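Understanding the architecture of this molecule
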Number of protein chains: 2
Amino acid sequence: MKRARKAKRSYGSWATGKDVAEAAKVSLITVSRAFSMPERLAPETLKRVQKVAEDLGYIPNAVAGELSSRRSKVVAVVVPTLSNSNFARTIEGLVARLNKDGYELLLSSSAFSPDREAEIVATLLERRPDGIVLIGNDHSPKLEKMVTAIGIPVVELWALNGPILDMAVGFSDFDAMRSMTCHVLDQGRKYVGYVDFHTPGIRRYEERRNGFIAAVQANGCPDQLIFSSAAQKDYESGRLGLAALLEREPRLDAIIGCTDIHAAGAIFECARRGIHVPSVMSVAGFGDFEIAASIEPALTTIRSPAFEMGCHAASMLMAKIHGEDVSAKPKDVGFEIVLRDSVAPHASAA
Amino acid sequence: MKRARKAKRSYGSWATGKDVAEAAKVSLITVSRAFSMPERLAPETLKRVQKVAEDLGYIPNAVAGELSSRRSKVVAVVVPTLSNSNFARTIEGLVARLNKDGYELLLSSSAFSPDREAEIVATLLERRPDGIVLIGNDHSPKLEKMVTAIGIPVVELWALNGPILDMAVGFSDFDAMRSMTCHVLDQGRKYVGYVDFHTPGIRRYEERRNGFIAAVQANGCPDQLIFSSAAQKDYESGRLGLAALLEREPRLDAIIGCTDIHAAGAIFECARRGIHVPSVMSVAGFGDFEIAASIEPALTTIRSPAFEMGCHAASMLMAKIHGEDVSAKPKDVGFEIVLRDSVAPHASAA
DNA sequence: TTGTAAGCGTTATCAG
DNA sequence: CTGATAACGCTTACAA
């Protein structure tokens, strides 16, 4: 068990392909092939190289490989935040699918700032990723110019409507929220409030709000019962929303959150005030976060396949990277209304 | 605005430093310096190079830079899951601090499997990260051998007790849970249950459980009221825990979750059963997740500085990478009991 | 302040 | 099936 290592100025000491080649009495390229196309080596040669590599603790240097082959097997991902279990699930889907093909994930978060997002992408591009994954389609012009000029494959997630840079996977936030609102109205609710997202101007949240507005307008209900707070804490936002809307319209009999977290906050506030959910106040959410199934009462919400979205995105990237034709049409993964206990007819109507 | 680009077989078309050098009538190394040590160029030269680089849309190739300099400015991170807001926060702390120094983050998740973790690290090492961040200190021997052989800086997070590979940041889960349990007992609770984590054998959860046991034993209370379910859904686990423990010990008057999510699940189940919290049943959590402050009643819990842990980890890595001496002693970031409404004396005692 | 030359550790290409 | 050689695009080391 000899160790042939070089001491360099950097941390660590790595055996190189050359070290392995010498010890195994083959050429450098044979070592390379032992790792990239083992089936094309004579079984004995392969075995010998593998043995030597193992003994030397050889770990191929992918950096050199990238430079030489111009394929990095890395995908860059920028999310607005990691503290959103939907994005977290989506990233796990991405990782799972990408790892299967030997791809890795370079991650950063933008705190919902398009400018920061563009900066981050610019930096990540220095590492020559084979593809890029972004959330939503609210990007700075700088970013759009950059990625289109370079022609790198890009997938936008949670973004079906609006302009697409390259590829997209998502569902219609508008349709989903309109459906949900209609469901609430169908239960006989008349004064339906809406708790909006804290950061204005994000298309998918505007879609949701517009879906809500479209539904209440079509039913001749008031369309002004919309609350939004600058508080970044979503539960808190839900609590405040319920309080504020109730003050504005005492007859409020339902409230819809732009996410489950906002809805859960509203339920908590109802519990504190002794307002019964769902008979007096119906509450609906969006996202089917883990809490939705467990909160008391269980939350009626919209489910969208977050994990699968990540998988899809990865597949589309893989396809495009491998030169396949990928449909320019955004992939609609759909949504589903999950009926639970937080939305119901009025107690009197029951 | 000329564009000197090369069309290669790969996606995209990138200008190289050589392109810039020629267009700016300087040598290649001057272009390199314009980006790495701009202050050491004549202002005019610098300006000229920058202008040309801008015009050509030049984005330096960090891959080539890494190979040449043997510094990747990349840190590899492996987490058990991203769907834990504490880890998510920690990663955000990491990203924030690392980005400040121009470092990027290569991320993967292990699904709580030490073997998978080792595999992932092996793969990530091919990209020659300058450092590694792991969660906890439950690793496979293979992983330990690998990183110690290579001598790469490693930080373990959420891990204060137990063997340390290199550096560690955390707090004492044992002390924290013992303190919390004592607090509950101090309120006059006698039959205190505990909802354990779904994956057995993870040291920090064992520490927590042992802290709980130590406290109840010291108080002469039953130490067998521990529930654990294989359900990966933590809220659900909390619900089931309350139900099961109540069946086992009808006098159960308090329940502690190994995380806030488990505790919240227990609160939801109490709500469903009409058991008043906190007067009849006191509930405590661990982690101060976002829900803790908002749930009704607000949850008494342990707060640990998750974001700061990420920052600390990054700082330690930076220090070690830059050759500074880093204390071998794990960094204790401490914890704090957050008193809210879910723990109180019995109604009769109040 | 700027430049020249020599790698870094792989893979692509072309030969045998 | 195996090999020699030339990139890949940058940085280090040493000169001028």
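A brief report on the enclosed structure follows.

1. A short note on the sheet that holds strand β2 (residues 104–109) of chain A
As summarised here, the arrangement of the twelve strands in space is β11(A)-β5(A)-β4(A)-β3(A)-β1(A)-β2(A)-β2(B)-β1(B)-β3(B)-β4(B)-β5(B)-β11(B), forming an open sheet in which the pairing is mixed. Where the open sheet ends on each side, the last strands, each with one partner, are β11 (331–332) of chain A together with β11 (331–332) of chain B. In the sheet, strand β4 (residues 154–157) of chain B pairs with strand β5 (residues 167–170) of chain B via three bridges, with the strands oriented parallel. Bridge pairing in β5(B) links E156(B) to A168(B). In this fold helix α5 (residues 85–100) of chain A packs onto β1 (74–79), β2, β3 (131–135) and β4 (154–157) of chain A together with β2 (104–109) of chain B, with an angle of close to 160° to the strand it touches most, β2(A).

2. Let's talk about the packing of aromatic side chains
As enumerated under the stated definition, the model contains 19 aromatic pairs over all chains in all. When the centroid spacing of 5.4 Å and the interplanar angle of 70° are considered together, the rings of F35(A) and Y58(A) count as edge-to-face. Residue F35(A) is located in helix α2 (residues 28–36), and its partner Y58(A) is located in the loop between α3 (43–56) and α4 (62–69); the two are separated by 23 residues in the primary sequence. The interplanar angle of 75° and the centroid separation of 5.9 Å between the aromatic rings of F87(B) and W158(B) together place this pair among those described as edge-to-face. On the criterion of sequence distance, the pair formed by F87(B) in helix α5 (residues 85–100) and W158(B) in the loop between β4 and β5 is long-range, its members being 71 residues apart. For the pair F87(B) and W158(B), one class covers both residues: buried. Chaining the aromatic ring pairs together yields one cluster made of F87(A), W158(A), F171(A), F286(A) and F335(A). Here R208(B) stacks its cationic end above the ring of F286(B), 3.9 Å away from the centre of that ring.

3. Details of the environment of E249(B)
Residue and element names in this part refer to chain B. With respect to the helices, strands and loops of the structure, E249 is situated in the loop between α10 (234–248) and β8 (254–257). Classification of E249 by relative accessible area gives buried; the value is 12%. Along the sequence, E249 and Y191 sit 58 residues apart, while their C-alpha atoms lie 7.8 Å from each other. With residues up to four places along the chain from it excluded, the contact list for E249 reads Y191 and L225. Here R251 takes part through its backbone nitrogen, which lies 2.9 Å from a polar atom of the side chain of E249.

4. Brief notes about the protein's contact with DNA strand D
With respect to spatial proximity, 27 residues lie near DNA strand D, and among them T30(A), R33(A), T45(A), S32(B) and S68(B) are the closest. Each atom of DNA strand D within 4 Å of the protein was classed as base or backbone; sugar and phosphate made up 64%. Here a base nitrogen of DNA strand D and a side-chain polar atom of R33(A) are 2.5 Å apart. Interatomic distance of 3.3 Å between a backbone N/O atom of A64(B) and a base nitrogen of DNA strand D. Counting only elements with at least two residues in the surface near DNA strand D, the list comes to α2 and α4 of chain A together with α2 (28–36) and α4 (62–69) of chain B. Looking at which element gives the most residues to the surface near DNA strand D, the answer is α4(B), with four residues.

5. Remarks on the interface of chain A and chain B
With 63 residues of chain A in contact, the opposing surface of chain B contributes 64 residues. Inspection of the region where chain A meets chain B yields six salt bridges. When the shortest N-O distance is used, the salt bridge between E66(A) and R127(B) registers 3.4 Å. Taken together, the connections running from chain A to chain B amount to 28 residue pairs in polar contact (both at pLDDT 80 or more). Per-class residue counts for the side of chain A that touches chain B are 29 nonpolar, 13 polar and 21 charged. As paired elements, β2(A) and β2(B) share three bridges and run antiparallel to each other. Note that in β2(B) the partner of L105(A) across the bridge is L107(B).

About the thresholds
Residues numbered from 1 in each chain as written. Chains lettered and ligands numbered in written order. Predicted model: local features only at pLDDT ≥ 70, side-chain atom pairs only at ≥ 80, totals over all residues. Heavy atoms only, no water. Pairing = 2+ DSSP bridges. Helix = DSSP H or I, 4+ residues; strand = E, 2+ residues; numbered from the N terminus. Contact = heavy atoms within 4.5 Å. Axes fitted to C-alpha atoms, helices over the stretch in contact; angles between N-to-C directions. Phe/Tyr/Trp six-rings, centres within 6.5 Å; stacked < 30°, edge-to-face > 60°. Buried < 20%, exposed > 50% of the residue type's maximum accessible area, 1.4 Å probe, protein only. Lys NZ or Arg CZ within 6 Å of the ring centre and 35° of its normal. Polar contact = N/O pair within 3.5 Å; in protein donor to acceptor, adjacent residues only side chain to side chain. Near = heavy atom within 4 Å. Salt bridge = Lys/Arg side-chain N within 4 Å of Asp/Glu carboxyl O. Nonpolar A, V, L, I, M, F, W, Y, C, P; charged D, E, K, R; others polar.

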